[in-house]
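Read off the chains here:
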Amino acid sequence: MYDPKTGKALELRLEFPDGLPKQPAFAEGIRRAPNRGQILNDEDLVLALKNALRYIPEKYHKELAPEFLKEYMEHGRIFGYRFRPAGKLWGKPIDEYKGKCTEGKAFQVMIDNNLDFDVALYPYELTTYGETGQVCQNWMQYLLIKKYLEVLTIDQTLVLQSGHPLGLFRSHPSAPRVILTNGLMVGMFDDPDNFRRATAIGVANYGQMTAGGWMYIGPQGIVHGTYNTLLNAGRKKFHVPEGHNIAGHLFVSSGLGGMSGAQPKAAEIAGCAAIIAEVDPSRIDTRYNQGWVSKRTQSLPEAFKWAKEAMDAKKPLSIAYEGNIVDLLQYALDNDINIELLSDQTSCHVVYDGGYCPQGISFEERTRLLAEDRDTFVKLVNKSLRKHFELVKALVAKGTYFFDYGNAFMRAVFDSGVKEIAKNGHDTFDGFIFPSYVEDIMGPILFDYGYGPFRWCCLSRNPEDLKKTDQAAMDCIDPKRRFQDHDNWVWIRDAEKNKLVVGTQCRILYQDEEGRMKIALKFNEMVRTGAIGPVMIGRDHHDVSGTDSPFRETSNIYDGSNIMAEMAIHTFAGNCARGMSLVTLHNGGGVGTGRAINGGFGLVLDGSERVDRIIRESMSWDVISGVARRAWARNDHALETAATFNAKRWDGHITLPYIADDAYLKKLVADNK
Ligand SMILES: NC(=O)c1ccc[n+]([C@@H]2O[C@H](COP(=O)([O-])OP(=O)(O)OC[C@H]3O[C@@H](n4cnc5c(N)ncnc54)[C@H](O)[C@@H]3O)[C@@H](O)[C@H]2O)c1
């Protein structure tokens with residue numbers, strides 16, 4: 001490629017005219033990813049080395065090949081540590097980045113925010129959250145992506161496949177600036193074993209959702225969803241009236257990691273007492289120091305005593321229990337303690353890759369076994385999951401409301417050999433005996449209306465901009481329209497007070513189609529008038545549309561189409577066609593390889609009228625594609641929402657189903673078989 005203005009050729013491969021960067025120094029106290037084990041045979045290992053060396057000029061291969069081999073032997077992956085820029089990465093104010101368009105600079109802010117020491121789970125291993133969710137596969141890709149983003153113009157689109165920047169291609173100003181995919185595999189290979197091999201040889205990236213989609217905003221991203229889930233679980237189970245919080249009740253769960261770390265914060269905002277088990281003390285340190293969990297202890301009697309005091313006083317309190325969730329549940333059962341709300345947020349989508357620490361071993365022992373004795377590790381994981389299930393079952397029998405919180409816990413239990421957790425006792429087609437939070441709560445109460453995890457980042461990193469956007473968003477909500485709007489209005493009213501920001505100045509706010517569009521247009525106008533700097537809006541992939549995931553986002557789709565992945569693909573394609581700035585499609589997400597296809601978007605608000613147009617067209621599509629699918633699946637609230645859409649809009653129409661009489665059909669089939 002050459003620069004048409006200067007005529008000068010642009011070499012966009014990595015070059016190191018002054019020699020290779022120095023070996024990195026690893027900062028003390030930064031959490032490191034475990035060794036994922038050496039699973040490659042010799043032929044594959046050669047392939048892995050050759051693949052990594054594709055990024056490096058040939059003259060350095062002899063120097064780097066042994067280094068990459070060592071990385072593989074020590075980590076099970078080649079990260080190219082040497083190419084990580086030294087020191088702390090963070091999402092700097094947008095003006096400090098080089099670039100030829102706002103989008104090119106905005107994406108650099110988002111990428112660096114995903115890799116911030118304060119934000120990322122394993123920053124040196126490019127892992128943002130969810131044990132294995134990476135921005136891209138290695139630091140060579142990171143450098144190359146940055147290089148491309150610095151020269152990207154509004155007439156081009158950058159294409160990435162599993163973190164690899166394939167190149168810049170001509171498009172037009174209203175096309176996406178980046179289209180990326182992560183971990184998509186051909187059906188017959190789409191399973192965790194093939195994925196593990198593909199990752200180790202350097203051709204697949206596990207993007208989770210917003211890690212590889214560059215829209216992660218710290219644990220805040222999941223706080224609002226967890227808050228909504230807890231509030232509505234309380235309303236459903238304890239008949240707490242709408243408009244009230246769940247003070248005086250107890251929530252127990254596990255995990256204080258990237259996303260799970262949101263649980264104590266959400267519980268306190270919802271007003272209840274919460275005990276969250278966590279086996280890794282360093283993650284407790286992080287959340288405790290950030291003020292996201294209020295107390296910590298290694299003693300179960302103490303944890304439950306504190307919780308009881310808070311419940312009696314109807315005061316919110318979050319407690320980190322340093323230990324295994326299975327031990328906690330055993331203690332509660334043995335001591336006849338009533339756990340009212342129970343969930344789990346260990347990384348069960350990758351139980352055999354370190355996501356779940358088995359009962360009976362320490363966190364250090366888990367890390368050692370994972371690297372040195374995988375067979376024993378797998379056996380211990382399965383044994384622990386079976387025990388975990390027995391305890392949950394016993395507690396549920398005593399009145400506990402257990403819900404799967406989207407981490408594939410029930411699927412992992414099933415895979416460990418417990419067929420009883422499947423509704424039909426032999427496969428997972430009919431779902432599980434315990435509800436997923438989407439089936440019981442988030443699906444019918446939020447997604448079917450179009451409410452989902454809309455979010456924005458103030459790219460200036462200026463807290464004043466965030467304040468102004470909070471106020472503007474609040475002004476766009478009518479708290480009297482529905483109880484969900486009231487909850488969201490309270491959420492945004494208190495957002496600043498609740499100190500949710502970690503990293504760049506971002507905000508999450510559940511909104512429906514109408515709300516998202518209103519807010520986006522308002523923000524773009526504010527950028528236009530200079531009231532605020534540029535903003536990037538987007539959403540979690542975990543939303544109304546965008547994700548086909550039968551164990552999670554689409555677990556409340558009951559027409560049999562929950563095994564199809566067409567909604568996710570169409571949402572992705574439609575967002576590309578309508579010109580979202582960044583459009584992404586991934587395999588796996590929160591539940592694991594082969595179990596979900598999920599996509600997301602980012603739209604950079606630069607104040608232009610072009611962006612107003614994109615907001616009107618694409619923000620509506622992005623939500624309504626999911627509502628339409630949910631309505632066709634005969635979900636009540638989606639039917640209502642779709643009917644309103646049809647009645648109010650001149651520019652679109654959703655196909656609605658005729659509803660057959662279920663009882664009549666059952667009888668017809670029974671009588672005639
Ligand atoms: N429902 C949602 O919206 C949603 C969103 C994001 C992620 N998830 C899923 O939730 C899970 C957690 O995500 P994350 O980003 O927090 O992952 P993470 O790996 O950062 O955190 C999980 C934590 O669980 C701890 N842990 C593991 N085994 C344990 C045990 N037996 N007892 C106590 N603690 C234990 C780990 O030490 C770790 O800190 C993942 O499976 C992820 O895919 C769900």
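In this report, the structure presented in the accompanying data block is examined. Numbering of residues starts from 1 in each chain and follows the order in which that chain's sequence is written. Only residues with pLDDT of 70 or above have their local features reported here, since the model is predicted, and side-chain atom pairs are shown and tallied only from 80 upward, although totals for entire chains, interfaces and linings are computed over all residues. The side-chain figures draw on all heavy atoms in the structure; neither hydrogens nor water molecules are used.

1. Let's talk about the pattern of salt bridges
Pairs can form between side chains of opposite charge once their charged atoms are near each other. Just to be clear on terms, a salt bridge is a Lys or Arg side-chain nitrogen sitting within 4 Å of an Asp or Glu carboxyl oxygen. With the rule as written, the count across this model stands at 51 salt bridges. Lys 305 is the partner of Glu 309 in a salt bridge, and the nearest nitrogen-oxygen pair spans 3.5 Å. Remark: Lys 305 and Glu 309 occur in helix α9 (residues 300-312); sequence separation between them is 4 residues, near one turn of the helix. Glu 496 is the salt-bridge partner of Lys 467, the closest N and O atoms lying 3.9 Å from each other. Here the residue Lys 467 occupies a position in helix α15 (residues 463-475), and Glu 496 occupies one in the loop between α16 (483-494) and β13 (505-511), the gap between them amounting to 29 residues. Type-normalised accessible area, obtained with a 1.4 Å probe on protein chains alone, sets the label of each residue: buried when under 20%, exposed when over 50%, and partly exposed for intermediate values. In this structure Lys 467 comes out as partly exposed when scored by relative accessible area, which is 39%. One network of salt bridges, with partners in common, ties together Arg 481, Arg 482, Asp 485, Asp 512, Glu 514 and Lys 648. In DSSP terms, a helix is any run of H or I states spanning at least four residues, a strand is any run of E spanning at least two, and both are numbered starting from the N terminus.

2. Comments concerning the environment of Gly 399
As for its placement among the helices and strands, Gly 399 is situated in the loop between α12 (374-397) and β11 (401-402). Considered as a pair, Gly 399 and Gln 263 are 136 residues apart in the sequence and their alpha carbons are 22 Å apart.

3. So, the state of the cysteines
Criterion for a disulfide: a pair of cysteine sulfur atoms at a distance within 2.5 Å. For the coordinates displayed, the defined rule picks out 1 disulfide. In this model, Cys 457 is linked to Cys 506 through a disulfide, with the two sulfur atoms separated by 2.4 Å. With the S-S dihedral at roughly 100°, the linkage between Cys 457 and Cys 506 falls on the right-handed side. Placement of Cys 457 in strand β12 (residues 452-458) and of Cys 506 in strand β13 is noted, with a sequence separation of 49 residues between them.

4. Things to note about the environment of Arg 197
Checked against the element boundaries, Arg 197 lands in helix α5 (residues 192-200). Expressed as a C-alpha distance, the spacing of Arg 197 and Asp 44, which sit 153 residues apart in the sequence, is 8.5 Å. Any pair of residues with heavy atoms lying within 4.5 Å of one another is described as a contacting pair. Here Arg 197 is in contact with Ile 39, Leu 40 and Asp 44, once residues within four sequence places are set aside.

5. Quick notes on the pairing of β12
For β12, the buried fraction is high: 7 of the 7 residues fall into the buried class. At least two bridges found by DSSP between two strands are what make those strands a pair. Pairing of β12 with β13 involves 7 bridges; the strand directions are antiparallel. Across the sheet, residue Cys 457 finds its bridge partner in β13, namely Cys 506. Pairing of β12 with strand β14 (residues 535-539), which is carried by 5 bridges, proceeds in the antiparallel orientation. When the sheet's bridge partners are listed, Trp 456 is paired in β14 with Ile 537.

6. Looking at the nonpolar core
Put simply, a nonpolar core is a bunch of buried Ala, Val, Leu, Ile, Met, Phe, Trp, Tyr and Cys residues held in one set by side-chain atoms that sit within 4.5 Å of each other. If you look at the biggest cluster of nonpolar residues, it comprises 152 residues, and the most contacted ones within it are Phe 68, Trp 214, Trp 456, Phe 523 and Ile 537. The contacts of Phe 523, once residues within four sequence positions are left out, are Trp 456, Thr 469, Ala 472, Ala 473, Ile 532, Val 535, Ile 537 and Leu 605. Counting 47 residues, the second-largest nonpolar core is a separate cluster that includes Ile 339, Val 351, Tyr 356 and Phe 402.

7. Remarks on the site of the ligand
What surrounds the ligand is a group of 34 residues, the closest being Ser 260, Glu 278, Arg 283, Ser 347 and His 349. In protein, a polar contact requires one atom able to donate a hydrogen and another able to accept it; more generally it is a pair of N or O atoms within 3.5 Å, and residues adjacent in sequence count only if both atoms are side-chain atoms. At 3.1 Å from an oxygen atom of the ligand is found a side-chain nitrogen or oxygen belonging to Gln 208. Contact between the ligand and Cys 357: a nitrogen atom at 2.9 Å from a main-chain N or O atom of the residue. The rule for a residue being near a molecule or strand is that one of its heavy atoms must lie within 4 Å of it.

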